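Residues per chain, in single letters:
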Amino acid sequence: SGARTSVAGTGRRRPGEGPPSGGGCARLCEQFPPVTVRFAPSGDPVATFSSAQLTPTAFLARSARVFPERTAVIDGERRSTYREFADRSRRLAGALAARGVAPGDRVAALCTNSSTMLEMHHGVPWAGAVLVPLNTRLSAGELEYILRHSGAALLVADAPFAATAAEVAAAVGIPLVMAGEEYEQLLASAEPLALPCADEEGLLALNYTSGTTGRPK
């Protein structure tokens, strides 16, 4: 069974009073069904438990529900709310599936600390795939080795690495999606997808060392 995560309500009540209507506890019940909030005689909420699978995407899904219009991402001139961030990540998952990426497949990313990389961290697992983040300081030969070793099915890259990305993707024989116009068109035409986490102990990402004394590991 999955690890249990405690979810406690917020707010207090005096002994004898019922749970607050429309308060923090009620909102928690709506956000995390079927969790119920119980109260101690002192009026303090008592933690209850959920056996839902633990996955990083759950944090974004919750933020999109609770804080949909708050700013989530600032990347240069781009601003995205949590609702937009979640929608773009789900559309990325749908786009990957439409490109033939199946659960368990590896999807590589050659990106800076950009909004594209953030969306990859959520869109790839929502497609059931495994993220392979690439070190942007590695040589083309080292990147090609990682793509082959990991079995990457597709590479997504930011514009500063266009030449290197094209070189290594062609050498390995996998599709390349460039951030920018191509990436935006891909998301705009995709249907949102968010596959449920089947196993919280399943593979989420493959992270390679820089290979200081040999090949990346």
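How each quantity is defined
- Residues numbered from 1 in each chain as written.
- Predicted model: local features only at pLDDT ≥ 70, side-chain atom pairs only at ≥ 80, totals over all residues.
- Heavy atoms only, no water.
- Helix = DSSP H or I, 4+ residues; strand = E, 2+ residues; numbered from the N terminus.
- Buried < 20%, exposed > 50% of the residue type's maximum accessible area, 1.4 Å probe, protein only.
- Contact = heavy atoms within 4.5 Å.
- Areas by Shrake-Rupley, 256 points an atom, 1.4 Å probe, with all protein chains shown as cover.
- pLDDT = per-residue confidence, 0-100.
- Core = buried A, V, L, I, M, F, W, Y, C linked by side-chain atoms within 4.5 Å.
- Salt bridge = Lys/Arg side-chain N within 4 Å of Asp/Glu carboxyl O.
- Pairing = 2+ DSSP bridges.
- Axes fitted to C-alpha atoms, helices over the stretch in contact; angles between N-to-C directions.

*Asks:* Before we move on, can you summarise the overall build of the protein with the specific residues and values?
*Replies:* Scanning the protein from N- to C-terminus turns up seven helices and ten strands. Out of the 217 residues belonging to the protein, those deemed buried represent 38%. A fraction of 64% describes how many contacts in the protein between residues 6 or more apart in sequence connect residues 24 or more apart. Of the accessible surface of the protein, which amounts to about 11,800 Å², a share of 53% is contributed by carbon and sulfur atoms.

*Asks:* Run through the confidence of the model for the protein, naming residues and quoting values.
*Replies:* Here the protein averages 85 in pLDDT, and 80% of its residues register 70 or above. Overall, residues 24–32 carries pLDDT values under 50, and its contacts beyond four positions in sequence, including any with other chains, amount to 22 contacts.

*Asks:* Let's hear about the nonpolar core: which residues, and what values?
*Replies:* In this structure, Leu-96, Val-107, Met-120 and Val-124 are the most contacted members of the largest nonpolar core, which totals 28 residues. Every element with two or more residues in this core is listed here: helix H2 (57–66), helix H3 (82–98), strand S7 (106–110), helix H4 (115–126), strand S9 (152–157) and helix H7 (181–188). Ranked by the residues each element gives to this core, the list is headed by H3, at six residues. Look past the residues within four positions of Val-107 in its chain and what remains in contact with it is Leu-96, Val-101, Met-120, Val-124, Ala-129, Val-130, Leu-131, Val-132 and Leu-154. Ala-108, Val-132, Val-172 and Tyr-208 belong to the second largest nonpolar core, which has 19 residues in total.

*Asks:* Give me the pattern of salt bridges: which residues, what numbers.
*Replies:* In this structure the tally under the stated criterion is six salt bridges. Note that Glu-184 and Arg-78 form a salt bridge whose closest N and O atoms lie 3.0 Å from each other. Of this pair, Glu-184 sits in helix H7 while Arg-78 sits in strand S6 (residues 78–81), placing them 106 residues apart in sequence. Of the residues examined, Glu-184 reaches a relative accessible area of 28% and is grouped as partly exposed. Linking Glu-119 and Arg-88 is a salt bridge whose minimum nitrogen-to-oxygen distance equals 2.6 Å. One end of the pair, Glu-119, is in helix H4; the other, Arg-88, is in helix H3, with 31 residues separating them in the sequence. Arg-88 shares its class with Glu-119; the two are buried. By sharing partners, the salt bridges in this structure join Arg-78, Arg-88, Glu-119 and Glu-184 into a single network.

*Asks:* Summarise the pairing of S9; cite the residues concerned and give the values.
*Replies:* Counted residue by residue, S9 has five buried out of six residues, so it is predominantly covered. Note: S7 against S9, five bridges, orientation parallel. Note on S9: the bridge partner recorded for Ala-109 is Val-156. With three bridges joining them, S9 and strand S10 (residues 176–178) adopt parallel strand pairing. Note on S10: the bridge partner recorded for Val-156 is Val-177.

*Asks:* Could you give an account of the sheet that holds S9, with specific residues and numbers?
*Replies:* Taken together, the four strands give an open sheet; going across it, the order is S8-S7-S9-S10, and neighbouring strands pair in parallel fashion. Two strands bound the open sheet, and with one partner strand each, they are strand S8 (130–133) and S10. Taken pair by pair, the neighbouring strands of this sheet meet at an average axis angle of 25 degrees, ignoring direction. Lying over the sheet, helix H6 (residues 162–172) contacts S7, S9 and S10, oriented at roughly 165 degrees with respect to S10. The sheet strands contacting H7 are S9 and S10, and the helix crosses S10 at an angle near 100 degrees.

*Asks:* A description of the environment of Leu-60 should follow, citing residues and the corresponding values.
*Replies:* The topology assignment puts Leu-60 in helix H2. With relative accessibility at 4%, the residue Leu-60 sits in the buried group. For the pair Leu-60 and Tyr-82, spaced 22 residues apart in the sequence, the C-alpha separation amounts to 7.3 Å. Setting aside residues up to four positions removed in sequence, Leu-60 forms contacts with Tyr-82, Phe-85, Ala-86, Ser-89, His-122 and Trp-126.

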